Amino acid sequence: MTTLHESLNYTPLELNFGTSGLRGLLTDMTDLECFINASGFLGFLETAQQLSPGSTIYVAGDLRDSTPRILQSVIAAITEKGHMAVHCGFIPTPALAHYALQNNAACIMVTGSHIPADRNGIKFYKLGGEILKQDEQAIKSAVSSVRAALYEGDSSSSLFNETGSFRSSVPQLTIDDTAKDSYISRYQDAFSTNALAGKKIVFYQHSAVGRDIVTTILENLGAEVIPVGRSDIFIPIDSENVTPDDQRYFKELAREHPGLYAIVSTDGDSDRPFVIDENGDFHRGDELGAIVTDWIKPDFAAYSISSNDAVDTYLEQQNIPYVHTKIGSPYIITAMQESGAARAIGWEVNGGYLLGTRVDTANGSLEPLPTRDAVLPIVVALVSAAEKATSLSDLFSILTPRFTSSGLIDEFPNVISKQIVEKYSVDSEENKKVLSHYFNEVNGFGTIDTINSLDGVRLYFSNGDIAHLRPSGNAPQLRIYSVADSQARADQIVALSIAEPHGIFRTIERSLANEEE
């Protein structure tokens, strides 16, 4: 007998968890690999007694060309396990999560979020919400068991051929729009139909999966929505890496549409918001989170360490307890759960807002949705400004004037990123001295006061600058988050760090590589 593993004409690469979900190159996300991981997740749920025979699993995906194929692998795994898959279509990740929570069911979202189109991902939700970091090892173990069983099976009777593709086509499911409709109703029922009456909002649609849904939601609240930039080609726009080209585009839109109230958008799976004011200025997700929190008035907030420290100042002024977490929604959810607060919320620097509590509004209520959501912060920011009869730019003026920027460098070796974290995360005088060679006075930095190692290497300088180095969880990228007393300086810190080929990151890379020789 020839086993399936022996028959494969390629070397499989196993998918790994990033900050939130599985991610990988399309070349590695074969039908076989996606089936194995989906089946393993279902096995994890069965072991945890969250599934009984014939359980319903909701699935959905984003608008990448590769998503329908991967969805078929997920659906095949659900069917093979004896459960029922319901295809909710191509909708935002929070829309799928919302519907699964309503029905006390598990769900699986196929999305690569904001990463390039040559990659994709799979995000798992158990009953009650996202899988957490403490679940990952048990899922990996279940996946390993599925992998071993399939690999050792007879290749001639396998569902998969030598390329890891299905031998025959998988039956297609009819799309059920109930989840989409439910998500639209969530906001339509909570806010007045004239909440945004008379407001002209430009929606940059690109390839965001929620581009039509979010347009409908805003129109249902009375706004005049002008869709722009719709694309049939996937655009990996990232709210944590707003490029100079993005910024120029936002400014152009503001000039082209006089009298607009705001420009809004989302990332690929519509769980990260873009909120741009009437002047074409983008407001980062950490600041946006503070604006939303001002409207919700919670008892507790959890957000990632990479945030603008003006958010800390604001929450302290409002006497709202908060905690910094590692980057990633699972860490924020855990902090919300452990807080014991009656009204806990959280958000990420990417702007995704996690609602851990019911929020009563003038027209209804918003039920908890403890996963990244782009629509909540977009709607609340716009409604809040409307209620206060102010502009969006003025709404953000409640924050202390501290300025942020972020960026990343591609094709940065993962091994070097790991070395940076291992070598420099200790808050020692030696590390401060070494890092001061890279972040030096010539480049405008003060002395390094503190090194924070909660997630990556975050440097606090005597002149008020902050530079936060953090490897991507699932790609060969090194990110930089900056905070400073001016936007120009925050942008400069990012530019100095990611410049090619002689910026700070590449200089550190060469230095560490030379140490290895």
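Before reading further, recall that the structure is shown in the block above.
Attention here is on the structure that accompanies the text. (Residues numbered from 1 in each chain as written. Predicted model: local features only at pLDDT ≥ 70, side-chain atom pairs only at ≥ 80, totals over all residues. Heavy atoms only, no water.)

## Remarks on the state of the cysteines
Here a disulfide denotes one covalent bond, and it connects the sulfur atoms of two cysteines.
Then, in step 1: Per the stated rule, a full pass over the model turns up zero disulfides.
Then, in step 2: Looking at the unpaired Cys 34, the closest cysteine sulfur is the one in Cys 107, lying at 17 Å. (Disulfide = S-S within 2.5 Å.)

## Some remarks on the sheet that holds strand β24 (residues 477-484)
Then, in step 1: Strand order in the open sheet formed by five strands is β20-β24-β23-β22-β21, and the pairing between neighbours is antiparallel. Only two strands of the sheet have a single partner each, and these edge strands are β20 (403-410) and β21 (448-452). Here the strands of the sheet are splayed against their neighbours by 15° on average, with no regard to which way each runs.
Then, in step 2: Examined bridge by bridge, β20 and β24 share eight bridges and lie antiparallel to one another. By the bridge assignment for β24, Leu 408 is matched with Arg 479. (Pairing = 2+ DSSP bridges. Helix = DSSP H or I, 4+ residues; strand = E, 2+ residues; numbered from the N terminus. Axes fitted to C-alpha atoms, helices over the stretch in contact; angles between N-to-C directions.)

## Details of the packing of aromatic side chains
Then, in step 1: Evaluated as defined, the whole model comprises 17 aromatic pairs.
Then, in step 2: Consider the rings of Tyr 303 and Trp 347, whose centres lie 4.8 Å apart with planes at 10°: the pair is stacked. With Tyr 303 in strand β13 (residues 300-304) and Trp 347 in strand β15 (residues 344-347), this residue pair connects regions lying 44 residues apart in the sequence.
Then, in step 3: Members of the aromatic cluster, each reached through a chain of ring pairs, are Tyr 303, Tyr 322, Trp 347 and Tyr 353.
Then, in step 4: Here the basic side chain of Arg 489 rests over the ring of Phe 445, its NZ or CZ set 4.5 Å away from the ring centre. (Phe/Tyr/Trp six-rings, centres within 6.5 Å; stacked < 30°, edge-to-face > 60°. Lys NZ or Arg CZ within 6 Å of the ring centre and 35° of its normal.)

## So, the sheet that holds β15
Then, in step 1: Strand order across the open sheet formed by five strands is β14-β13-β15-β16-β19, with mixed pairing between neighbours. Strand pairing shows two members of the sheet lacking a second neighbour, β14 (322-325) and β19 (369-373), which therefore form its edges. The mean inter-strand angle of the sheet, taken between neighbouring strand axes irrespective of direction, is 15°.
Then, in step 2: Sheet topology places strand β16 (residues 353-355) next to β19; two bridges connect them, and they run antiparallel.

## What to know about the pattern of salt bridges
Then, in step 1: This model, assessed by the stated rule, comprises 31 salt bridges.
Then, in step 2: Salt-bridge contacts for Arg 506 lead to Glu 509; the nearest nitrogen and oxygen are separated by 2.7 Å. Placement of both Arg 506 and Glu 509 in helix α17 (residues 504-516) is noted, with a separation of three residues, approximately one turn of the helix. Note on accessibility: Arg 506 and Glu 509 belong to one class, buried.
Then, in step 3: Linked by salt bridges that have partners in common, Asp 238, Glu 240, Asp 267, Arg 272 and Arg 479 make up one network. (Salt bridge = Lys/Arg side-chain N within 4 Å of Asp/Glu carboxyl O. Buried < 20%, exposed > 50% of the residue type's maximum accessible area, 1.4 Å probe, protein only.)

## A short note on the nonpolar core
Then, in step 1: One finds Tyr 58, Cys 88, Phe 191, Leu 218, Leu 382 and Leu 392 to be the most contacted residues of the largest nonpolar core, which totals 67 residues.
Then, in step 2: Considering each element in turn, this core owes the most residues, nine residues, to helix α12 (residues 375-387).
Then, in step 3: Discounting chain neighbours no more than four positions away, the residues touching Phe 191 are Leu 221, Trp 295, Asn 363, Leu 366, Val 379, Val 380 and Val 383.
Then, in step 4: Residues Leu 15, Leu 51, Val 110 and Phe 124 belong to the second largest nonpolar core, which totals 40 residues. (Core = buried A, V, L, I, M, F, W, Y, C linked by side-chain atoms within 4.5 Å. Contact = heavy atoms within 4.5 Å.)

## A look at helix α14 (residues 414-424)
Then, in step 1: For α14, the set of buried residues is Ile 416, Ser 417, Gln 419, Ile 420 and Tyr 424. One side of α14 carries all its buried residues, which in axial view fall inside an arc of 160°. Set apart from the buried face of α14 by more than 90 degrees, the exposed residues are Val 415, Lys 418 and Glu 422. (Arc of directions from axis to C-beta.)

## With respect to unusual backbone geometry
Of all residues except glycine, most have a negative phi; of all peptide bonds, most are trans.
Then, in step 1: Cis peptide bonds are those with omega within 30 degrees of zero, and the linkage from Glu 500 to Pro 501 qualifies with 0°.
Then, in step 2: For Pro 501, the location among the structural elements is in the loop between α16 (487-498) and α17.
Then, in step 3: Unlike most non-glycine residues, Ser 113 shows phi in positive territory, near 55°.
Then, in step 4: Looking at the element boundaries, Ser 113 is found in the loop between β5 (106-110) and β6 (119-126).
Then, in step 5: Take Ser 113: its relative accessible area is 1%, and that puts it in the buried class.

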